[in-house]
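Inside the fold
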Amino acid sequence: MADHAAAVRVEDVGAQTQADARAELLTDYEFRELYAEHARPLWAYLFRVTGNAADADDLLQEAFCRLLAAPIATRDSSQLRAYLFRTATNAATDLWRRGGRGTRRQEPVTEDAAVTASHGETVALKRDMARTFRELKPQERVLLWLAHVEGSGHGEIAGTLGLKPASVPVLLFRARRKLAALLRKKGYGPGER
Amino acid sequence: MLRHDCAQLPDIVEATVAGRALNAPLAAHLASCPSCREQVEAAAFVRRLADTPDAPHPLPDPAVIWWKAQLLRRWQAERSASAPIERMHWIELAAGLASLAAFLAWQWKTLASALAQVIPMSLASMTATPAPGHPLSSVLLIGGAASVAIMFLAALHRRLGGTSR
């Protein structure tokens, strides 16, 4: 946990925001509100793309630390949310590039969830869903999650992943096609749950 | 053959993910286009996965994150404050080396002649009878060697000190 936090580079946020005269640090109260609103969805995203609760914890902390470490010009919740997702995605990408734990220490992500789920999906099916998703490449998981869960636009996804906006639809198409092939292979037909 | 240029695809995927019913033309296209059906199936799967409740995992304590961020800010301020000092270390080293080079250039002839006197003296002392050398040359040589050694050690100390910080 500490290794990610230690790797935080606060200059990034500082350089981005200190030029703005209106930039101010988040107060404790503002931070707690922001955390209550965005931490759970951000953690769910990180959990699904890393497949690992410990990495999701670390990356969540890193994203919020970066946000808090320097003055910011906006208090707009959606902009801050986009910033948090972008920062967390960059940190996750760094982790993958370093050959990080995300590829080695995958957890059986949905076993507990399956036990506590209120609707009628079976344990095995839920575990399979998460496992199938994890068979995609990290970038594909990020693309699909941002597009279909977060509802991010192509421009926003391109900014998050450092891609050209024009290439996002093509990559999304390929990621969906790959996922569909995996679903067919695993026996998930249309309409199956 | 799968196509990614179906004009209807973005609308179909968006509506499906949002849980909206497709209008008649889009529904007709979806029924006739296997590529779009496959795309919709994958998008709907991701949406279903997101809707699956996660294990009740406790999130990191926000108070700890707040505290870490304060610490990071302090480190950042410290680094900004010490940056000019770090730069000065390099300037010091460069100035020292430049002075040494200037001294050597300026006193080169004196040093060379002193060296020429001392070296035969050392060779002679190794063979048998010691011959007296010029006392000033010995002093210059010892002083020069000592100053070079001190500069080298100082530079090494600063370098190691800088990396360990």
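For the structure itself, look to the data block above.
Below, the discussion takes up the overall build of chain B. When helices and strands are counted, chain B shows 6 helices and 0 strands. N-terminal to C-terminal, the α/β element order of chain B is α-α-α-α-α-α. Taken over 165 residues, chain B has a buried fraction of 25%. Nonlocal contacts in chain B, meaning residues at least 24 apart in sequence, comprise 52% of its contacts between residues at least 6 apart. Surface exposure of chain B reaches about 10,900 Å², of which carbon and sulfur atoms provide 70%.

On to the overall build of chain A. Counting secondary structure elements, chain A contains 10 helices and 0 strands. Tracing chain A from N to C terminus, the helices and strands come up as α-α-α-α-α-α-α-α-α-α. Relative to its full complement of 193 residues, chain A shows a buried share of 51%. Look at the contacts in chain A between residues 6 or more apart in sequence, and 72% of them connect residues 24 or more apart.

At a minimum axis separation of 8 Å, helix α10 (residues 167–185) of chain A and helix α3 (residues 34–51) of chain B run at an interaxial angle of 80 degrees. If you check the angle between α10(A) and α3(B), you find them roughly perpendicular. Listed contacts from α3(B) to Leu172(A), Phe173(A), Arg176(A), Arg177(A), Leu179(A), Ala180(A), Leu183(A) and Arg184(A) of α10(A) are Ser35(B), Glu38(B), Gln39(B), Glu41(B), Ala42(B), Ala43(B), Phe45(B) and Val46(B).

The next thing to look at is a nonpolar patch on the surface. All names here are of chain B. Taken together, the side chains of Phe-103, Leu-104, Trp-106 and Trp-108 present a nonpolar region at the surface, about 490 Å² in accessible area. If you tally residues by element for the nonpolar patch, the top one is helix α4 (residues 62–106), at 3 residues. On the secondary structure map, Phe-103 appears in helix α4.

With that settled, consider the environment of His57(B). With respect to the helices, strands and loops of the structure, His57(B) is situated in the loop between α3 and α4. Filtering out sequence-adjacent residues up to four positions away, His57(B) remains in contact with Arg40(A), Trp43(A), Ala53(A) and Asp57(A). At 3.0 Å, the side chain of His57(B) and the side chain of Asp57(A) are in polar contact.

A full pass over the atoms with the stated rule returns 7 aromatic pairs over all chains. Look at Phe31(A) and Tyr35(A): their rings are 5.7 Å apart centre to centre, the planes differ by 50 degrees, and that puts the pair in the tilted class. Here Phe31(A) and its partner Tyr35(A) are both found in helix α3 (residues 28–50), 4 residues apart, which amounts to about one turn of the helix. Members of the aromatic cluster, connected to one another through ring pairs, are Phe31(A), Tyr35(A), Phe64(A) and Trp66(B).

What counts as what
- Residues numbered from 1 in each chain as written.
- Chains lettered and ligands numbered in written order.
- Predicted model: local features only at pLDDT ≥ 70, side-chain atom pairs only at ≥ 80, totals over all residues.
- Heavy atoms only, no water.
- Helix = DSSP H or I, 4+ residues; strand = E, 2+ residues; numbered from the N terminus.
- Buried < 20%, exposed > 50% of the residue type's maximum accessible area, 1.4 Å probe, protein only.
- Contact = heavy atoms within 4.5 Å.
- Areas by Shrake-Rupley, 256 points an atom, 1.4 Å probe, with all protein chains shown as cover.
- Axes fitted to C-alpha atoms, helices over the stretch in contact; angles between N-to-C directions.
- Parallel < 35°, antiparallel > 145°, perpendicular 65-115°, else oblique.
- Patch = residues over 30% accessible without salt bridge, like charges linked within 9 Å, V, L, I, M, F, W, Y side chains within 5 Å.
- Salt bridge = Lys/Arg side-chain N within 4 Å of Asp/Glu carboxyl O.
- Polar contact = N/O pair within 3.5 Å; in protein donor to acceptor, adjacent residues only side chain to side chain.
- Phe/Tyr/Trp six-rings, centres within 6.5 Å; stacked < 30°, edge-to-face > 60°.

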